[in-house]
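Commentary on secondary and tertiary structure
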Amino acid sequence: MDLLKGKRGIILGVANERSLAWGIAEKFIQEGAEVAFTYLGDAQKKRVENLLGESSAPLFPCDVSIDEDIENLAKGLEKTWPSIDFIIHSVAFTFRECLKEPFLKTSREHFMKTLDISSYSLIAVTRALSPLLNQGGSVLSLSYYGSQKVIPHYNVMGVAKSALEAITRYLAYDLGERQIKVNCISAGAIKTLSSSAIPGLSQMVESDKHPLRKSLSKEDVANSATFLVSDLNSAITGETIYVDCGANIMGYHVS
Ligand code: NAD
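Looking now at unusual backbone geometry. Of note, the phi angle at Gln179 is positive, near 60°, even though the residue is not glycine. Within the element layout of this structure, Gln179 appears in the loop between helix 6 (156-175) and strand 6 (181-187). For Cys245, which is not glycine, the phi dihedral falls at a positive 60°. Residue placement: Cys245 occurs in the segment after strand 7 (240-243). Cys245 sits in the buried class, given a relative accessible area of 6%.

To continue, consider the sheet that holds strand 6. The seven strands are arranged 3-2-1-4-5-6-7 in an open sheet whose pairing can be described as parallel. This sheet does not close on itself; its edge strands, each paired only once, are strand 3 (59-61) and strand 7. Neighbour-to-neighbour, the strand axes of this sheet turn through a mean angle of 20°, independent of strand direction. Taken together, the four bridges between strand 6 and strand 7 define a ladder with parallel strand orientation. Considered in strand 7, the bridge of Ser186 is made with Tyr242. On top of the sheet, helix 2 (residues 42-52) reaches strand 2 (34-39) and strand 3; it is set at about 155° to strand 2, its chief contact.

Before going further, it helps to spend a moment on the site of the ligand. The ligand sits among 27 residues. The nearest are Ser19, Lys161, Ile190, Thr192 and Ser194. Between an oxygen atom of the ligand and a main-chain N or O atom of Gly13, the distance comes to 3.0 Å. Between the ligand and Ile190, the relevant distance is 2.7 Å, taken from an oxygen atom to a main-chain nitrogen or oxygen of the residue. A total of 820 Å² of accessible area belongs to the ligand in isolation, and the protein chains cover 93% of it. Across the shell around the ligand, the residue classes break down as 16 nonpolar, nine polar and two charged.

Time to look at the state of the cysteines. The bond known as a disulfide is covalent and runs between the sulfur atoms of two cysteines. Tallied over the full model, the rule gives zero disulfides. Unpaired in this structure, Cys62 has its nearest cysteine sulfur neighbour in Cys184, at a distance of 19 Å. Overall, Cys62 belongs to the buried group, its relative accessible area being 6%.

Attention now moves to helix 6. For helix 6, with 20 residues, the first-to-last C-alpha span of 28 Å sits near the 28 Å given by 1.5 Å per residue. Taken residue by residue, helix 6 has Val156, Met157, Gly158, Ala160, Lys161, Leu164, Glu165, Ile167, Thr168, Leu171, Ala172 and Leu175 as its buried positions. In this fold, the buried residues of helix 6 make contact with strand 4 (84-89), helix 4 (96-100), helix 5 (108-129), strand 5 (133-143), strand 6 and strand 7.

Glancing now at the packing of aromatic side chains. The relative placement of two aromatic rings is captured by the distance of their centres and the angle of their planes. According to the stated counting rule, one finds five aromatic pairs in the structure shown. For the pair Phe28 and Phe86, a centre-to-centre distance of 5.0 Å together with 85° between the ring planes defines the contact as edge-to-face. Taken as a pair, Phe28 in helix 1 (residues 20-30) and Phe86 in strand 4 lie far apart in primary sequence, 58 residues in all. No difference in accessibility class separates Phe28 from Phe86, as the two residues are buried. Ring geometry for Phe93 versus Phe95: centroids 5.0 Å apart, planes at 75°, classification edge-to-face. You can call Phe93 partly exposed: its relative accessible area is 32%. Judged by relative accessible area, which is 18%, Phe95 ranks as buried.

What counts, and where the lines are drawn
Residues numbered from 1 in each chain as written. Predicted model: local features only at pLDDT ≥ 70, side-chain atom pairs only at ≥ 80, totals over all residues. Heavy atoms only, no water. Helix = DSSP H or I, 4+ residues; strand = E, 2+ residues; numbered from the N terminus. Buried < 20%, exposed > 50% of the residue type's maximum accessible area, 1.4 Å probe, protein only. Pairing = 2+ DSSP bridges. Axes fitted to C-alpha atoms, helices over the stretch in contact; angles between N-to-C directions. Contact = heavy atoms within 4.5 Å. Near = heavy atom within 4 Å. Polar contact = N/O pair within 3.5 Å; in protein donor to acceptor, adjacent residues only side chain to side chain. Areas by Shrake-Rupley, 256 points an atom, 1.4 Å probe, with all protein chains shown as cover. Nonpolar A, V, L, I, M, F, W, Y, C, P; charged D, E, K, R; others polar. Disulfide = S-S within 2.5 Å. Expected span 1.5 Å × (residues − 1). Phe/Tyr/Trp six-rings, centres within 6.5 Å; stacked < 30°, edge-to-face > 60°.

What follows is the structure, given as structure tokens:
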């Protein structure tokens, strides 16, 4: 369909073939976009290279908790391309114990690190790369419903996602003058490396409980990401858009 033909951008957060970021990358490339990637550590670099196969793409190391890495990413990207059209932030981190222990036990250190990587990094990355963003460009991140309601075990990640959604609104205001859209997809549960650490995930993905009665796939998320980054999205910004087969509209489940 070539919905993204002529657009270039960077995707942060491909860990493996299950990553939501990889689903987005595949769809964006299919729609004609040129995509650069970041990786966290050499093992992940190899995995991204393997996923890309024959097709090469610019790759940059970036630990989003390190300012110097983000600065180097901006410098490297500027040398590669004169400008970009999108930034996809598909990054989150917390400690295993934060997902297992009661929320009440969240330590200051765990709270700070979780919000630094999962929330603040959206500000830091957007600030560093925004000079490269073309008028009409897009910034997109990934959230989860645990930002709004209590999802047992999601705990401090829910707080991080609330912050991410608020950050989305404030960035949308700052960048709106340049017609840059900043949005967030609140995706339903999908089994990935990160989400597998959340106890009870298998119940959350149960497809017969969702209004659409199907399991959400990373392709579903990628389709919505494509729309939000494409020129078809001319007036949505600062929003958290649910892409979850309707799961969030349910008050209770009947079997
Ligand atoms: P994933 O494990 O494939 O991706 C998470 C990525 O975050 C990995 O690539 C990891 O390397 C990266 N990351 C962690 N710490 C980092 C750091 N310091 N610097 C740079 N990168 C770092 O898992 P995923 O499920 O694809 O997660 C992607 C995004 O989608 C996350 O924001 C997650 O919260 C969100 N999300 C996932 C689901 C789900 O059910 N899978 C649902 C809603 C939202």
